[in-house]
Structure formats: C-alpha cells, structure tokens
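# Descriptive analysis of the structure
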Amino acid sequence: VLQEAINALILAMSYTLFASGMSLAWGTVGILNFAHGATFVFAAFVCYLIVRSDTLPLVALALIGIATGAATSAAAYVAAFGPILRRRKDVETSEMQILAVGIGIATILEAIASHVTESEPFGLLGSSFQTRPLRLYGARITNLEIILVVLAAVVAVALIIWLYRSRVGLALRAIGVDDGAASLMGINRSRMSLLVMAIGGALAGLAGVLLTLEFSAITPESGDDFILKAFAAIVLGGLGSLPGTIIGCFVLAVCETIVLTNTSGQWVDAVSFGVIIIVLLIRPSGLFGRMAVRRT
Amino acid sequence: VTAFYSSHLVLIQQTLINLLIVLSIQIPLRFGVFSLAGSGSYAFGAYTAAILNHRYGLGAFSAIAVAVVLSALLGLILAALLQRLDGLYLGMATIAVDLIISVIANNGGSFTGGPTGLYGIVATPNISTGTVASVAMCAVILAAASERGRLGRRVVAVRRDRQLAASLGVNVGRYRTAAFVISGAVGGCAGALDVFLLTTIAPSDISFSTVTIALTMIIVGGSASWLGALIGAIIFTWLPDLLTIVTEWEALIYGAIVTLAAVWAPDGILGIARSVFHNWQVRRAGTVVGAAEDSGHGGSAVPSASDVRTP
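Residues numbered from 1 in each chain as written. Chains lettered and ligands numbered in written order. Predicted model: local features only at pLDDT ≥ 70, side-chain atom pairs only at ≥ 80, totals over all residues. Heavy atoms only, no water.

### Observations concerning the overall build of chain B
Counting secondary structure elements, chain B contains 14 helices and two strands. Over its C-alpha trace chain B gives a radius of gyration of 22 Å, about what one expects of a compact globule, namely 19 Å for 311 residues. Structurally, chain B occupies a C-alpha span of about 80 × 50 × 35 Å along its principal axes. Within chain B, the fraction of its 311 residues that count as buried is 49%. In chain B, once contacts between residues fewer than 6 apart in sequence are set aside, the share between residues at least 24 apart is 79%. Surface accessibility of chain B: about 14,300 Å² in total, with carbon and sulfur atoms responsible for 67%. (Helix = DSSP H or I, 4+ residues; strand = E, 2+ residues; numbered from the N terminus. Rg over C-alpha atoms; globule rule 2.2 N^0.38 Å. Buried < 20%, exposed > 50% of the residue type's maximum accessible area, 1.4 Å probe, protein only. Contact = heavy atoms within 4.5 Å. Areas by Shrake-Rupley, 256 points an atom, 1.4 Å probe, with all protein chains shown as cover.)

Below, the structure is given as structure tokens:
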C-alpha cells in the first residue's frame, strides 16, 4: 500500500507541475492554452538536442527547459493569443479561435520535434544526472522522484502565495473575475497575460525536463495526453482556483493508481475522461470553483 | 476526366466522408452548440455497422441504417445529459465522450476486436461512390435548409442570443436537442459508410487528433455555411496528395495554416471569399447608384444587403 501511495504521490506531483501553469493562464486571463502540452514536449526536445552533443548537469537542463518553455509560450501569446483577444467581438467565437490557435501551434511544435527525431521516442540519457533507486520503509523511490516531488511542492506553494498575497496576484485574480472592471482599475491586461503565459510556459518546460527523465523517454505526441488529464484536474478543482487544481491532480492520480492496480487492460485512460464528464454533469463549477456572480 | 476519376476514386470518396464528418460538427456549431461529439458518432456508427454486419450477418445497407438510427439515439442521450453545459466545457465534455468510446472499443475484447479492431468488413454489393455522394448530398441539403428562410433565421437567433430567441417564441431547448441528434445521425452515417469503404475500424481511428483535424477543416473552410465545410474537406483531403514533394513538412504546413486562419481569418476561406465578393459588389453598386442618380431613376437595382452591411 505504501508503494502505491508513493506512486500516486509522484503521479499527482507530476500532474501538478504540468497543470498549474495551464490552470493559472486559463483561470485568470482566460487563455486555455492547447499548446501547453506541445510546449512541454518542445522544451524537453531542445534539451535533447543539447544533450546529444554536450553533457550537462540537471540544474542546467532544468534552466534551459524553463527558458525554452517561457520563450515558446510568450511567443505564442505575442503572435497568436494576444491578437485574438484584442480583436474579439464575442466570447463564443474567441473561445473557438483560442482552441484552434492552440491546436495549430501545438501541431507546428510537434511537427518540428517529430521531424528531427523521426517520430521516435527521445530521452535525456546524455545528462550527467544519474537516477538511483532508494529505499523508503521498504518502498522503492528514485532520487529523481524525490527531486520531482519536492520541486513541484515548492513551485505549487510559491505560486499560491504569489497569486493570493502579492499585488500582481490580486490584479490577476481581478482579471479572472471581471476583465472589463479590472482594466478600468488600471490593470494592463495584455502585459499581465504575457507574464502569465511566460510563467505557464516556464512550468511546462520544467515539467518537460523532469518528466522526460522520469519516464526515460517521451514521444512528440505525449503532450496531448497530459492536456486532457490537466483539463480533468482543473475542472475537478474548479476553474480559477489554483489550490483546487492541485487537489484535482491528487484526486485524479489516486483514482488512476487505484484503477491501474485493480483492473486489467487499459481502462486507466478512461479515468480522466470519466472525471471530466461526471464533474461537468454534477458540479460544473468544480470543488472549489468561483461561483458565478451575476447581477442584472 | 474518367481516367482522373478512376485514379482518384479513393480520394473522392474520402472527401465525401470527410464532408459528412465536418458537417456533423459544423451543424451543431451553427446552432450555437459547441459539441465535438460528431467524431465519437463516427466511431460509434462505424463499430455498430461493422459488428452488425460481421457478427450478425446483416446486409450492408440495413447495417448502415441501424447504425444511423442508433447514433441519432446516442445524440439524443447526450443532449439530455449535456444540455446544461455550454462553450468550452461542452466542447471538452464531448471530446471526453469521443475518447471514452475509443477506450471502450479498446477494452471490448473479441466483441469489438480489442486494440486491433475489426477488419474484413466488406459490403456484398459494393458501396458505390454514387451512394456516398447521394448521402453527402442529402446531408448538404439538410444543412442548407437550416441556413435559409424562417428556419435559418431561427437557428441564427438560437445561436446569437438564447434569451431573445426564447422571448420570440422559439423553443431553444428543442433546437439544441435537434443539433445533437442531427450531429449523431450524420456522424454515425459517415462512420458506417466509411467502415465498408475502408473495410477496417480500430480504436486508434478515433483519437484527440481526429477531433482536432475535423475542427481544423471547419476553421480553415469557414464555420458559417455548409460551403465552408466542403472547402475544408476538399483542402485537407487533397493537400497531402498535392504536397507529396514536401511530405516531411506536411504537419508543419497544417499547423501554420490553422494558426494563420484562426488569427487572421476567423471566418475561414469562405469568409474571405464572401467579403471580397461583397466589396466587389459594393464597388459595382456604387457606380450603378452614381449612374442612376444622374439619369434620375432605377436605384432599385442596388442589392439591399450592400446598403445595410457596410463594414
């Protein structure tokens, strides 16, 4: 049981690392970034290109991944998401455009990665980091997994403190509630959006490096699975609530671990889809979501 | 022409099938229902027809007919379940439904053929291109009928402003339910026809990327009319054939086209064509008006639409 609990914890922290950036961008500035998964893959891919010729320590790889992710996401915002949001007429069409643009950018990034790797899985074997198995009260865990769990926890706590205690965080939450009123209060919406997208991209990049090491190899299409799982976690926790997203990641990871250990076959894929449908049917605002306040 | 027709037969058939798939997502979009369940209906229809034909020895045409009815029924069930959802949430919930169908097919054991799927599905009198074309034609007529006249205006009202539509006596719920049912029937029909054309169906035929490809065709072609669906289906079915020189960069070109279309031309190629045509008409109408004012009569030749719709 301890082994399964540890596995669930590692899975939950992996999802947290990936989903928190996506949740932040969607819950505050309203960009559901479908290229988040591709950003994750692309950051790992850039590290893979570097590691092929040079041996680098984990810290350097992580920094490269963070920089690549942040740059990719910021570029996507400047080139695509920004212009759409500036020119939007109504919410329905802009939602569809944002979805389509995210898919388009994801296709471009994945195409570049799969062209170079010839659609083969790629890993970061050339790094100087060595994964070592450790024993913890009889359960197996690697040194990488400890780093992953600790780092994800630190990132999650730091993000929550930043979002709920700083002035910039307050501004972001204000945009999330009512962007019109927020801009009347002097909040620069496009600058905030750029900042949030860059942070989201940086987290995707960090996740890309750590999870590629953890899974030892990923394919250019790996990002799509993560997008859907992150979506399930965000919806479960409630849009606009970062702690909710993290709890959503935990619930999803525990459910998946239970299904994985107790059933045969590939039913584990259905867990996240089932979670999406059930939550949206029973409680569309999620566990901790903002209740819509509308005055007419 | 006949040589071209016979050598490109498969592409022509796939264009028609893709047109049906695109319509199964575009029709609900025009009703203001962001449902991507059309791709799931495709898989459901394909599996239903294949199982009926393969396991129960039903003839191809009756198998297709039953598959269409059952897919429409699935649409009705989804409408009842997902009625309350809207926008992106509805979109993602329907994507989840699509992918659950794939997971069920994958875990269905010998009944659905498991991960390898079902193969050797052959219609004894072959499904001709004419049959596929006439089915596609029916779907296009259905779509076109919901774009014009009284029905067309009601559909626009349901999409644009639900409260306003309801206050004008339009039963909004019924229209939204109809969107799910039509989507299910058209998507299921596409799947049932396609499984006899391709002779196989597998869980990998329905994935996140099949949903996004259908959405891509709509974005690039144009979401306002069935004509946009046709443009999108033609472009994305024939482009790989024409791009053989740059095959390795095919995905990159797709991504670039979608990104450009979504940012700069949200109404798709159809939207661009319409605005170009409209501008041309306005310019021509302008000269007609000038001439008419000189001679003192005949202003009625100006199309009324160009009077109202100044950009």
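Next comes the rest of the account.
### What about the packing of aromatic side chains?
Taken as a whole and assessed by the stated rule, the structure comprises 14 aromatic pairs over all chains. Ring geometry for W26 of chain A and Y89 of chain B: centres 5.9 Å apart, planes at 35°, overall tilted. With W26 of chain A in helix α1 (residues 2–29) and Y89 of chain B in helix α5 (residues 87–106), this residue pair bridges two chains. We classify Y89 of chain B as partly exposed; its relative accessible area is 24%. Ring geometry for F40 of chain A against F226 of chain A: centres 5.0 Å apart, planes inclined by 45°, an arrangement best described as tilted. (Phe/Tyr/Trp six-rings, centres within 6.5 Å; stacked < 30°, edge-to-face > 60°.)

### Quick word on the environment of A100 of chain A
Within the secondary structure, A100 of chain A is located in helix α4 (residues 91–117). Ignoring any residue separated from it by four or fewer positions in sequence, one finds A100 of chain A in contact with I219, V258 and A262 of chain B.

### Examining the environment of L230 of chain B
All names here are of chain B. When you line up the elements, L230 lands in helix α11 (residues 226–242). Using a relative accessible area of 27% as the deciding quantity, one classes L230 as partly exposed. Taking C-alpha positions, L230 is 22 Å from F208, a pair spaced 22 residues apart along the chain.

### Quick look at the nonpolar core
The biggest cluster of nonpolar side chains holds 186 residues, and the ones touching the most others in it are F40 and F81 of chain A together with L23 and F196 of chain B. Those residues in contact with L23 of chain B that lie beyond four places of it in its chain are P28, A139, V140, A143, V186, W226 and A229 of chain B. (Core = buried A, V, L, I, M, F, W, Y, C linked by side-chain atoms within 4.5 Å.)

### A word on the pattern of salt bridges
Here the idea is simple: oppositely charged side chains can pair when their charged atoms come close. Residue and element names in this part refer to chain B. Scanning the model with the defined rule gives five salt bridges over all chains in all. The salt bridge involving D86 is made with R162; its shortest N-O contact spans 2.8 Å. A residue pair is termed long-range when its members are at least 10 positions apart, and D86 in the loop between α4 (60–82) and α5 and R162 in helix α8 (residues 162–167) qualify at 76 residues. Here D86 falls in the partly exposed class, since its relative accessible area comes to 31%. Where R176 meets D86, a salt bridge forms, and the shortest distance between an N and an O atom there is 3.8 Å. Of this pair, R176 sits in helix α9 (residues 172–198) while D86 sits in the loop between α4 and α5, placing them 90 residues apart in sequence. Given a relative accessible area of 4%, R176 falls into the buried group. (Salt bridge = Lys/Arg side-chain N within 4 Å of Asp/Glu carboxyl O.)

### What about the confidence of the model for chain A?
Of the residues in chain A, 97% reach a pLDDT of 70 or more, and the chain-wide mean stands at 87. For chain A, per-element mean pLDDT is lowest for strand β1 (residues 133–136) of chain A, which scores 79, and highest for helix α8 (residues 189–215) of chain A, which scores 93. (pLDDT = per-residue confidence, 0-100.)

### Observations concerning the environment of L61 of chain A
Residue and element names in this part refer to chain A. Note that L61 resides in helix α3 (residues 58–86). Here L61 falls in the buried class, since its relative accessible area comes to 0%. Separated by 67 residues in the primary sequence, L61 and S128 have C-alpha atoms spaced 9.9 Å apart. Excluding residues within four positions of it along the chain, L61 makes contact with C47, V51, L56, L124, S127 and V209.

### Here we look at the interface of chain B and chain A
In this complex, chain B contributes 37 residues to the contact, which on the side of chain A involves 40 residues. Here chain B and chain A share an interface that buries about 3,500 Å² over both sides, 79% of which is from carbon and sulfur atoms. Its largest share of buried area at the contact with chain A, chain B owes to L88, Y89 and M92 of chain B, together 19% of the area lost on that side. Scanning the region where chain B abuts chain A turns up zero salt bridges. Put simply, chain B and chain A have three residue pairs in polar contact (both at pLDDT 80 or more) between them. Those elements giving two or more residues to the side of chain B that touches chain A turn out to be α4, α5, α10 (208–221) and α12 (250–264) of chain B. With 13 residues, α5 of chain B is the single largest residue contributor to the side of chain B that touches chain A. (Buried area = accessible area lost by both parts, 1.4 Å probe. Polar contact = N/O pair within 3.5 Å; in protein donor to acceptor, adjacent residues only side chain to side chain.)

### Side note on the packing of α4 of chain B against α5 of chain B
Residue and element names in this part refer to chain B. Between α4 and α5, whose axes approach to 12 Å, the crossing angle comes to 135°. Relative to α5, α4 is oriented oblique. Both α4 and α5 take part in a crossing whose hand is right-handed. Together, L74, L78 and L82 of α4 and L90, A93, T94, V97 and I101 of α5 make up the contact between the two elements. Considered class by class, the residues forming the contact of α4 with α5 number seven nonpolar, one polar and no charged. (Axes fitted to C-alpha atoms, helices over the stretch in contact; angles between N-to-C directions. Parallel < 35°, antiparallel > 145°, perpendicular 65-115°, else oblique. Left-handed = near helix turned anticlockwise from the far one by under 90°. Nonpolar A, V, L, I, M, F, W, Y, C, P; charged D, E, K, R; others polar.)

### Some remarks on helix α7 (residues 149–160) of chain B
Given a rise of 1.5 Å per residue, twelve residues ought to cover 16 Å, and the 17 Å separating the end C-alpha atoms of α7 of chain B matches this to within 8%. What α7 of chain B keeps buried is the set G152, V155, A157 and V158 of chain B. (Expected span 1.5 Å × (residues − 1).)

### Some thoughts on the side chain of T212 of chain A
Of note, T212 of chain A is situated in helix α8. The residues contacting T212 of chain A, other than those within four sequence positions of it, are A44, F122, G123, L124, A207, A217 and I218 of chain A.

### A look at the packing of α1 of chain A against helix α2 (residues 36–53) of chain A
Residue and element names in this part refer to chain A. Contact pair α1 / α2: the axes reach a minimum separation of 10 Å and the direction vectors enclose 130°. Looking at the two axes, α1 sits oblique to α2. The two elements α1 and α2 meet at a crossing, and its hand is right-handed. In contact with F18, G21 and M22 of α1, α2 contributes H36, G37 and F40.

### So, the pairing of strand β2 (residues 139–142) of chain A
Residues and elements named next belong to chain A. Bridge count for β1 against β2 is four bridges, and the pairing is antiparallel. Of the residues in β2, the one forming a bridge with L134 is I141. In this structure, the hairpin formed by β1 and β2 is closed by a connection of two residues, where Y137 is found at a positive phi of approximately 50°. (Pairing = 2+ DSSP bridges.)

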